[in-house]
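# Structural characterization, general
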Amino acid sequence: MDYEAVIGLEIHVQLNNATKMFCDCPNRPGDEPNQNTCPICLWIPGAMPRFSQVVLEKATMAGLALNCEIQKENAFDQKVYYYPDLPKGFQLSQSHLPLAKNGWLDITDENGQPKRIRIHQVHMEEDVAKLVHETEGHTPISLVDFNRAGTPLVEIVSEPDIRTPHEAMEYIRSLRTQIRYVDSAECSMESGTMRVDANISIRPKNSDRMNTKVEVKNMNSIHNVGNAIAYEITRQANQLQKGEAVVLHTRLWNPDKHVTEAMRGKFEGPCVPDPSVPRIIVTDEWLNTLKARLPEMPGGKAERFFKDYGLSRDEAVLMSSERNLSEYFEAVVNQDIPPRFAVHWIATQLLPALKERNQNVEDTPVTTERFSQLLSMLERDEINANSAKEVLAQLFDSTETPGAVIEKGGLRQVSNTSEIEVIVDQIITENRSAVDDFHNGKTKAMGFLVGRAMQASQGKANPRLIKEMLSAKLGNNT
Amino acid sequence: MNPDNYCYIDHSPTETGENGTLKGKLLSIQPNISVRGWPTEAGSVALEGFRALEDATVTERLREAGAKITGSTRMSELGFGLTGDTTPLAISDGDVDIALMTDTMGETRLAASIAGAFGFKPSYGLVSRYGLIGLVPSMECYGIMAKKPEDIGSVMGVIAGCDNHDLSMPEYQVPDFGHRGKIREPKVVIGTVRECMDTLDTDERKAFNETLSQIRKMGLKIRECNLTDFDLFKTVHNIIGSVEASSSGGKYDGVRYGHRARSTENWNEMYLKSRAESFGLLIKTYLFQGAYFQFENYSAFEDACRIRARLIKKTEALFNEVDLIVLPTRRRGINAADTSTIEEVYDAFSLTLPANVTGLPAIHIPGSVFREENDPGLQLIGPRLGDANLISVAAALSHTTLGGK
């Protein structure tokens, strides 16, 4: 039988607020254990939560970026469970009155067709402490690090609209892009600022039944989410084919073995309204000031890049995928660099170079001014592409202008025909067999000869001129 | 000071205020109200050895106003009921002028009725709860007991008002506690609640009617009001209170402070054993009951929340007809200081807990014209934020008619 999967994602995103959610401790879980703590986030008796206004703003911006309706009234509940990472016995979360509802994200499915994934709700909750398991001599011990306790999260719950691993990964990427645009969170699965849980069930194709679902956790990359979902779909299909029922439970993705494994169920009950965090009333006035702060979002920006700059669809999407990158790109274009030429050099040269050096467009010494100067010299044929790559590499280590780097390295392109003619004549004399090959119809020999000539010019000659001159001197090879 | 009545005594209490309104006043607290460094066990083994890390906002403000905090009296476990509570003795022995305690279901008013003093519970949200180690966050608040009503007014003048540590306090105009002891509006209309009167037995009604006639003699008008579902206050408090206790009481886990069970197999067992060894039977029963409603009968909890909202509306609507509501404070033949089951606790506090369910201010007024055992007491409930007027009326009543001071 043909099955299709019904997938809903629950995504926890750690907001990039400077402080925790209910106290002024720094929101830096990675610091020395238990450094960022106070009576509130340690939940010492008598302390009371003090909800951060900035967290509310960051969370609301995330809700807006996900096309949600921000609710007029939202409130916190106590979600009860007992575990040493939550020593007060309940987590402050929003169950009855969430921050935002009814959002959506548009993705592209496997067939290149647009598809809308609906978002059920976005709500705020505090993170719990982190357990560290060690041994003291031969005794296993568990330590609790409260740096993460009380750090601000939003949980984004999708509707079960996702059908394939591809759609799940596209949805996560789109969600990450949107939230990064409004600067609410980093959304990195690798560094733990985004955690994805997948609810997966399968059913016969074209059915509209909702079958028993299985929750899968512990994926540490977007790629792994795809792998885990694919594995789980096959596992459930095999189980059904064997006549076994799927039972409601939670499984963990094992990244080493590439399988999902059953875990013990967690005890969880309905939430109780919390009387210590004030109810949040969202006024139109406040919401409008936030909406006014929304930047041009990636969808609209890609459309504009496509229309105004003549980029291809893919190029437009790539250049708008990150807000800083899109701003870098536009700054370069605004310095009179042809847009597609800029995209080509950003995508194939600049981005890999940044990645190699662990830099970002916003903090690299290769500023938009320096990069534009380089591209404009390349465009005017003052240097060739090889030299440009070399200059780019040097721009990372010096503060000089591209022009100065070029002069210093003698990298200016030789476009003087008499100088090139000397080289071309020498190459023809020294490579008789290649010239014969060329005359015998081996077109590849031309490439070889151009290469030798470039080498002889120490990379400085204009390759277009060399080719033209070689062709003229050797005549037509047919 | 009889040391048996105290779990901590400060022999050289310090105050930080020079010329505060509470200059020279002696004040006791309970060990669920935070004073930095003091043992703060809230009457429970679950907090054994715990010392407060910070001052509660109230203790800080009281000291700044010149009050001397002389010690903390013994209290019931986590402030639920009055069993084992020695606060009435601190007042009746004359150890202190003012006793600060918590009021979850009427403990301050009942304790005052035992001590022959005034017992006041402010409007919910008027006094910061920061530093209160509580059990039922939506019902409980600080309560003030004193022989002199003007002391209650002075304390309220000091502790009421916004606090950056307790953001759950709504924004409002803090009542002016400056004109104490006088009825500012001479034509106060006081309402009795028919549904409450119906629950009194013959002796209770006789005694209470006697009190009402004394009030009438003062020239105050008394009018009968209707508050249907009055009997549901008790059920609503019981269900919501136990669910909140079970949920928020989770922080008393016996790991970072308090009693932690020895030799357990794993951490699940550690929690179970520590909590089993820590809580007394009454609290344990209450927590179990709350867990039952939360996990097995949640719709009953939701119903209780809905009924609570309705009761608040209905009670507040009464203040369109009358200025204050009058109720007895306690039931005859039930000793609030000696209760051992949930039912007994709720029976003992059935007349005071409506003010906790609604969050309205309420005061017990001591009277000396009746024999103690027959006296159901006199309790006034005011509109939200009508705290200052309520204290003034209570003072006036006791001064002129009831033979108080």
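The following refers to the structure shown. (Residues numbered from 1 in each chain as written. Chains lettered and ligands numbered in written order. Predicted model: local features only at pLDDT ≥ 70, side-chain atom pairs only at ≥ 80, totals over all residues. Heavy atoms only, no water.)

## Overview of the pattern of salt bridges
Enumeration over the complete set of coordinates arrives at 46 salt bridges over all chains. Between Glu126 of chain A and Lys88 of chain A there is a salt bridge, with the nearest N and O atoms lying 2.5 Å from each other. Residue Glu126 of chain A is found in strand β7 (residues 114-126), and its partner Lys88 of chain A is found in the loop between β4 (77-80) and β5 (90-93); the two are separated by 38 residues along the sequence. No difference in accessibility class separates Glu126 of chain A from Lys88 of chain A, as the two residues are buried. We note a salt bridge from Lys25 of chain B to Asp151 of chain B, for which the minimum N-O separation is 2.9 Å. One end of the pair, Lys25 of chain B, is in the loop between β1 (6-9) and β2 (26-29); the other, Asp151 of chain B, is in helix α4 (residues 149-159), with 126 residues separating them in the sequence. On the basis of relative accessibility, which here comes to 19%, the residue Lys25 of chain B falls in the buried class. (Salt bridge = Lys/Arg side-chain N within 4 Å of Asp/Glu carboxyl O. Helix = DSSP H or I, 4+ residues; strand = E, 2+ residues; numbered from the N terminus. Buried < 20%, exposed > 50% of the residue type's maximum accessible area, 1.4 Å probe, protein only.)

## As for the pairing of strand β5 (residues 118-121) of chain B
All names here are of chain B. The two faces of β5 match: Phe118 and Phe120 on one face and Gly119 and Lys121 on the other face are all buried. Where β5 meets strand β10 (residues 362-365), three bridges bridge the pair, whose relative direction is antiparallel. Looking at β10, one finds that Lys121 is bridged to Ala362. (Pairing = 2+ DSSP bridges.)

## Focus: the interface of chain A and chain B
One frequent convention defines the size of an interface as the accessible area lost when the parts assemble. Tallying the contact residues gives 35 residues for chain A and 35 residues for chain B. For the pair chain A and chain B, the two sides together bury roughly 2,900 Å², of which 64% comes from carbon and sulfur. Together, Pro45, Met48 and Tyr82 of chain A form the three largest contributors to the area buried by chain A at its contact with chain B, with a combined 22%. Taken together, chain A and chain B are joined by zero salt bridges. Linking chain A with chain B are 12 residue pairs in polar contact (both at pLDDT 80 or more). Contributions of two or more residues to the side of chain A that touches chain B are made by β4, β8 (130-136) and β15 (272-273) of chain A. In terms of residue class, the side of chain A that touches chain B is built from 23 nonpolar, eight polar and four charged. (Contact = heavy atoms within 4.5 Å. Buried area = accessible area lost by both parts, 1.4 Å probe. Polar contact = N/O pair within 3.5 Å; in protein donor to acceptor, adjacent residues only side chain to side chain. Nonpolar A, V, L, I, M, F, W, Y, C, P; charged D, E, K, R; others polar.)

## A word on the sheet that holds strand β11 (residues 378-381) of chain B
Residues and elements named next belong to chain B. With mixed pairing, 11 strands are arranged side by side in an open sheet as β1-β3-β2-β4-β6-β5-β10-β11-β9-β7-β8. Where the open sheet ends on each side, the last strands, each with one partner, are β1 and β8 (221-225). For this sheet, the mean angle separating the axes of adjacent strands, direction not counted, is 25°. Those strands touched by helix α3 (residues 107-115) are β4 (98-103), β5, β6 (141-146), β10 and β11, and its axis lies near 140° from that of β4. (Axes fitted to C-alpha atoms, helices over the stretch in contact; angles between N-to-C directions.)

## Describing the packing of aromatic side chains
Describing an aromatic ring pair means giving the distance of the ring centres and the angle of the ring planes. For the structure on display, the rule yields 18 aromatic pairs over all chains. Ring centres 6.4 Å apart and planes at 40° place the aromatic pair Tyr286 of chain B and Tyr346 of chain B in the tilted group. Here the residue Tyr286 of chain B occupies a position in helix α9 (residues 281-295), and Tyr346 of chain B occupies one in helix α11 (residues 342-348), the gap between them amounting to 60 residues. When sorted by exposure, Tyr286 of chain B lands in the same class as Tyr346 of chain B, which is buried. Note on Tyr298 of chain B and Phe301 of chain B: the rings are 5.5 Å apart at their centroids and 50° apart in plane angle, and the pair reads as tilted. With Tyr298 of chain B and Phe301 of chain B both in helix α10 (residues 298-318) and three residues apart, the pair spans about one turn of that helix. Within the aromatic cluster, the residues linked to one another by ring pairs are Phe22, Phe51 and Phe76 of chain A. Across the ring face of Trp104 of chain A, the terminal group of Arg116 of chain A is positioned such that the distance to the ring centre comes to 3.5 Å. Over the face of the ring belonging to Phe396 of chain A we find Arg357 of chain A, whose NZ or CZ atom lies 4.0 Å from the ring centre. (Phe/Tyr/Trp six-rings, centres within 6.5 Å; stacked < 30°, edge-to-face > 60°. Lys NZ or Arg CZ within 6 Å of the ring centre and 35° of its normal.)

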